[in-house]
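Chain and residue survey
Next come the chains, spelled out residue by residue.
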Amino acid sequence: MGTPTSDRPLALVTGASSGIGYELAAQFVEHDFDLIIAAEDDGIESAAQKLHRDGGPQVWSVRVDLAREQGVTELVAAVTATGRPLEALALNAGRGAGGAFVGGTDLADELEVVDLNVRSTVHLAKLLLPAMVDRGAGRVLFTSSIASTMPGPFQAVYNASKSFVQSFSEALRNELKDTGVTVTALLPGPTDTAFFERAEMQDTRVGSGEKDDPAKVAEQGFAAMMKGDQTVTAGSLVNKVQTAAGKIIPDKLKSEQHRRMAEPGSRN
């Protein structure tokens, strides 16, 4: 990975080969950030090619599996090798797994959800935030989800992982409030990405229903991060209403609502 001298700020986006992550990367390029993008699939190289503009910001791709500890350390090494401060960090990598926890899902699949959504988020934050705090400047965006506001029958591990990310981001925001480093949580709703296909949820009501444009979600998330907002519920008005209602609706009722949306076969 070449590291030419540049006066542009440097940002890192994980899970950037497609979907919200790719669109977040596009926002950084549009706003004149040099950029490191990371993902586990070979689409990350083509994403970097699409984002590159002659005479524009530099875009480097790093193909790593962040569900593995080695992937995290390789990515941090790539950031360190630039010799440049990281001005912005978008921890977006994540995935889901749909189905009944007992009898409907694979343990290895769900543990990978935990490793990617939770473990890698903590690991990357632990290794990359200290330099920001030492410098007294930096912006951090965690991709949470409106799923963080409710129990998730038939998506139990995913929702729990996003509840962790949401709580973690809010705790870090408070800890870092006097350091010059801001922490923002992005809460998208159902978005038009490969998420539901990978989670094997195409036959569910939520998987087959209307979804938000990932470019719009990323635009709202980027703007909130740059303003230093605490949270942003991105996408449709329905998402905002659902997030607000989630603060007062009992968990038992939210569980039943989620069941109707995520239960296998609910598309019919």
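Here, every reference points to the structure presented above.
Here's what I pulled together on the structure shown here. Note that residues are indexed from 1 along each chain, following the sequence as it is written. Where local features are concerned, this predicted model is filtered to residues with pLDDT of at least 70; where side-chain atom pairs are given and counted, the filter is 80 or more; whole-chain, interface and lining totals use all residues. Water and hydrogen atoms play no part in the side-chain values, which are based on all heavy atoms of the structure.

Considerations on the pairing of strand β6 (residues 181-187)
Under the convention used in this document: Whether a residue is buried, partly exposed or exposed follows from its accessible area with a 1.4 Å probe, protein chains only, as a fraction of its type maximum: under 20%, in between, or over 50%, in that order. Numbered from the N terminus, helices here are DSSP runs of H or I no shorter than four residues, and strands are runs of E no shorter than two. Should DSSP find at least two bridges between two strands, the strands are taken to pair.
Taken across its 7 residues, β6 has 7 buried, putting it largely inside the fold. Of the two faces of β6, the one carrying V181, V183, A185 and L187 and the one carrying T182, T184 and L186 are both buried. Pairing of strand β5 (residues 138-143) with β6 involves 6 bridges; the strand directions are parallel. In the sheet register, V140 faces β6, and the bridge partner there is V183.

A word on the layout of surface pockets
Note the threshold: Cavities and pockets are defined on a 1 Å grid built over the protein atoms alone: a cavity is a set of grid points where a 1.4 Å probe fits but cannot escape, while a pocket is an open set with protein on both sides within 12 Å along at least five of seven lines, and lining residues are those with an atom within 4 Å of any such point. Grid points are joined across faces, edges and corners, and a volume is the space filled by probe spheres set on the points. By the convention adopted, Pro, Cys, Tyr, Trp, Phe, Met, Ile, Leu, Val and Ala count as nonpolar, Lys, Arg, Asp and Glu as charged, and the other residues, Gly among them, as polar.
Size it by volume and the second largest pocket reaches roughly 200 Å³. What lines the second largest pocket is S148, T149, S163, Q166, E170, L187, T231, T233, T243, G246 and K247. Counting residues per element, the lining of the second largest pocket draws most heavily on helix α5 (residues 156-175), at 3 residues. Taken together, the residues of the lining of the second largest pocket break down into 1 nonpolar, 8 polar and 2 charged.

A word on the packing of aromatic side chains
For any two aromatic rings, the description comes down to two numbers: the centre-to-centre distance and the angle of the planes. We count it as follows: Here a pair means two rings of Phe, Tyr or Trp (six-membered ring of Trp) with centres within 6.5 Å. Their orientation is stacked below 30 degrees between planes, edge-to-face above 60, and tilted elsewhere. Look at NZ for Lys and CZ for Arg. If either is within 6 Å of the ring centre and within 35 degrees of the ring normal, a charge sits over the ring.
Per the counting criterion, the structure on display carries 7 aromatic pairs. Consider the rings of F164 and F168, whose centres lie 5.8 Å apart with planes at 20°: the pair is stacked. Placement of both F164 and F168 in helix α5 is noted, with a separation of 4 residues, approximately one turn of the helix. Accessibility expressed as a relative area gives 35% for F164, which makes it partly exposed. Among the residues examined, F168 registers a relative accessible area of 17% and is labelled buried. Members of the aromatic cluster, joined through ring pairs, are F28, F33 and F222. One cation-aromatic arrangement involves K50 over Y22; the distance from NZ or CZ to the ring centre is 4.8 Å. Geometry around F196 places K211 over its ring, the cationic atom sitting 5.2 Å from the centre.

Overview of the sheet that holds β5
Selection rule: Helix axes use the C-alpha atoms of the stretch in contact, all axes being lines fitted to C-alpha atoms, and the angles between their N-to-C directions lie in the range 0 to 180 degrees. By definition in these notes, contact holds between two residues if any of their heavy atoms fall within 4.5 Å.
Pairing is parallel in the open sheet, where 7 strands are placed in the order β3-β2-β1-β4-β5-β6-β7. The sheet is open, and its two edges are formed by β3 (59-63) and β7 (231-233), each paired on a single side. In this sheet, adjacent strand axes meet at a mean angle of 15° when their direction is disregarded. Pairing geometry for strand β4 (residues 86-91) and β5, over 4 bridges, is parallel. Bridged to L89 within β5 is V140. Each of β2 (34-39) and β3 is contacted by helix α2 (residues 43-51), which is oriented at about 175° to β3, the strand it contacts most. Along the sheet, helix α4 (residues 107-135) contacts β1 (10-14), β4, β5 and β6; its crossing angle with β4, the most-contacted strand, is approximately 160°.

Section: the pattern of salt bridges
Quick reminder of the rule: Salt bridges are counted wherever a side-chain nitrogen of Lys or Arg sits within 4 Å of a carboxyl oxygen of Asp or Glu.
What the rule picks out here adds up to 14 salt bridges. With its nearest N and O atoms 3.6 Å apart, the salt bridge here joins R135 to E87. In this pair, R135 sits in helix α4 while E87 sits in strand β4, placing the two residues 48 residues apart along the sequence. What makes E87 partly exposed here is its relative accessible area of 28%. Note that R95 and E112 form a salt bridge whose closest N and O atoms lie 2.6 Å from each other. Of the two residues, R95 sits in the loop between β4 and α4 while E112 sits in helix α4, which places them 17 residues apart along the sequence. Taken as a pair, R95 and E112 share a single burial class, namely buried.

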